[in-house]
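So the chains spell out like this:
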Amino acid sequence: MNKYLTKGQIALSVIFSVLVIDQIIKIWIKTHMYWHESIRVTDWFYIFFTENNGMAFGMEIFGKLFLTLFRLVAVSVIGWFLYKFVKHGMKTGFIVCVSLILTGALGNIIDSVFYGVLFSESTASSVATFLPEGGGYAPWFYGKVVDMFYFPIIDTYWPSWMPFVGGEHFIFFSPIFNFADAAISCGIIALLLFYSKYLNDSYHAVRKS
């Protein structure tokens with residue numbers, strides 16, 4: 001029983017901590033920066049405020065409402081599996097990874113569901129306000145996800161002699177993402193690196209329960 005409570009508390013701690021950090025960063029960016037405003041931290045790291053209607057790293061697939069509903073279903077499924085993993089006493093590291101994935105998805109859901117109602121629109125000439133008098137910039141479930149981390153580690157041009165891309169501008173790493181996206185990526189990468197064999201066993205253990 002103590003083991004179960006300990007693993008459950010670890011999962012809840014990860015969920016609470018990541019969610020709070022993610023939302024603090026997003027709300028600060030949303031209420032202090034203009035849309036597409038950039039703050040240079042180093043040559044390869046910028047705080048660049050942008051918003052997207054799609055999934056992680058700014059990808060846009062299908063419609064906005066579909067994506068929001070898809071996230072809600074995905075979070076429900078992952079949450080159910082996490083509960084089963086904790087109940088079955090799976091490895092602590094494995095539970096942390098699943099918690100990171102769950103919380104990352106939940107963090108972006110909050111933006112999609114609530115931000116359109118809670119904030120005014122961010123533009124290149126105006127900073128968003130919280131609970132504006134005239135209402136938010138979009139209905140429920142149609143809010144935009146706030147992104148801000150930009151790592152142009154390599155910013156250069158392809159050699160002119162290269163076919164098709166010669167002379168074109170090249171940036172690595174170009175996606176702009178947020179803390180929730182990072183949590184999802186770290187959770188998935190860690191699962192694949194350290195728990196790939198354990199994943200199958202965990203899944204079958206939960207199915208049999």
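Structure's up top.
Structural notes, computed from the coordinates. (Residues numbered from 1 in each chain as written. Predicted model: local features only at pLDDT ≥ 70, side-chain atom pairs only at ≥ 80, totals over all residues. Heavy atoms only, no water.)

Structural notes on the overall build of the protein chain
No. 1: Scanning the protein chain for helices and strands turns up 5 helices and 6 strands.
No. 2: Overall, the protein chain shows an N-to-C arrangement of helices and strands of α-β-β-α-α-β-β-β-β-α-α.
No. 3: The long-range share in the protein chain, meaning contacts at least 24 apart out of those at least 6 apart in sequence, stands at 67%.
No. 4: Carbon together with sulfur atoms contributes 69% to the accessible area of the protein chain, which is approximately 11900 Å² in total. (Helix = DSSP H or I, 4+ residues; strand = E, 2+ residues; numbered from the N terminus. Contact = heavy atoms within 4.5 Å. Areas by Shrake-Rupley, 256 points an atom, 1.4 Å probe, with all protein chains shown as cover.)

Considerations on unusual backbone geometry
Backbone phi values are negative for most residues with the exception of glycine, while trans is the configuration of most peptide bonds.
No. 1: Look at the link from Phe-172 to Phe-173: it is a cis peptide, with omega at 25°.
No. 2: Its location among the elements puts Phe-173 in the loop between strand S5 (169-172) and strand S6 (176-177).
No. 3: Positive phi outside glycine occurs at Phe-141, with the angle close to 75°.
No. 4: Even without glycine at this site, Phe-164 takes up a positive phi of about 70°.

Section: the sheet that holds strand S3 (residues 145-150)
No. 1: Taken together, 4 strands build an open sheet; the order of strands is S1-S2-S3-S6 and the sheet is antiparallel. Of all the strands in the sheet, just strand S1 (38-42) and S6 have a single pairing partner and so form its edges.
No. 2: Note that strand S2 (residues 45-52) and S3 share 5 bridges and pair antiparallel. Bridged to Ile-47 within S3 is Phe-149. (Pairing = 2+ DSSP bridges.)

Structural notes on the nonpolar core
Looking at soluble globular proteins, one finds that nonpolar side chains tend to be buried together.
No. 1: Membership of the largest hydrophobic core comes to 20 residues, with the highest contact counts inside it found for Leu-82, Phe-85, Met-90, Phe-94, Ile-95, Leu-191 and Tyr-195.
No. 2: Looking at this core, the elements that each hand over two or more residues are helix H1 (2-32), helix H2 (64-87), helix H3 (92-118) and helix H4 (179-194).
No. 3: Judged by nonpolar contacts, the second largest core, of 13 residues, contains Phe-45, Ile-47, Ile-110 and Val-146. (Core = buried A, V, L, I, M, F, W, Y, C linked by side-chain atoms within 4.5 Å. Buried < 20%, exposed > 50% of the residue type's maximum accessible area, 1.4 Å probe, protein only.)

Some thoughts on the packing of H3 against H4
Geometry of a packed helix pair, given as the angle between the helix axes and the separation of the axes.
No. 1: Viewed as axis vectors pointing N to C, H3 and H4 meet at an angle of 150°, and their least axial separation amounts to 7 Å. One way to sum up the angle between H3 and H4 is to call them roughly antiparallel. Here H3 runs over H4; the crossing is left-handed. Between H3 and H4, the residues in contact are Phe-94, Cys-97, Leu-100, Ile-101, Gly-104, Ala-105, Gly-107 and Asn-108 and Ala-180, Asp-181, Ala-183, Ile-184, Gly-187, Ile-188, Ala-190 and Leu-191, respectively.
No. 2: Its residues assigned to classes, the contact of H3 with H4 comprises 11 nonpolar, 4 polar and 1 charged. (Axes fitted to C-alpha atoms, helices over the stretch in contact; angles between N-to-C directions. Parallel < 35°, antiparallel > 145°, perpendicular 65-115°, else oblique. Left-handed = near helix turned anticlockwise from the far one by under 90°. Nonpolar A, V, L, I, M, F, W, Y, C, P; charged D, E, K, R; others polar.)

Regarding H3
No. 1: Between its terminal C-alpha atoms H3 stretches 36 Å, which fits the 39 Å expected from 27 residues at 1.5 Å a residue.
No. 2: At Ser-112, H3 shows its maximal kink, close to 35°. (Expected span 1.5 Å × (residues − 1). Bend = angle between axes of the 7 residues up to and from the residue.)

Examining the packing of H2 against H3
No. 1: Running from N to C, H2 and H3 point in directions that differ by 155°, and their axes come no closer than 9 Å. Between H2 and H3, the angle is such that the two are roughly antiparallel. The chirality of how H2 crosses H3 is left-handed. Touching Lys-64, Thr-68, Arg-71, Leu-72, Val-75, Ile-78, Gly-79, Leu-82, Phe-85 and Val-86 of H2 are Phe-94, Ile-95, Val-98, Ser-99, Ile-101, Leu-102, Ala-105, Leu-106, Asn-108, Ile-109, Ser-112 and Val-113, all from H3.
No. 2: In terms of residue class, the contact of H2 with H3 is built from 15 nonpolar, 5 polar and 2 charged.

Quick look at the pairing of S3
No. 1: Summarising burial for S3: 6 of the 6 residues are buried, a large majority.
No. 2: As paired strands, S3 and S6 are joined by 2 bridges and run antiparallel to one another. Looking at the pairing, Phe-149 lines up with Phe-177 of S6.

What to know about the pattern of salt bridges
No. 1: Applying the stated rule across the entire model yields 4 salt bridges.
No. 2: Here Lys-30 makes a salt bridge to Glu-51, at a shortest N to O gap of 2.6 Å. Linking Lys-30 in helix H1 with Glu-51 in strand S2, this pair joins segments that are 21 residues apart in sequence.
No. 3: Its relative accessible area of 0% is what places Lys-30 among the buried residues.
No. 4: Where salt bridges share partners, they join Asp-22, Lys-26 and Asp-111 into one cluster. (Salt bridge = Lys/Arg side-chain N within 4 Å of Asp/Glu carboxyl O.)

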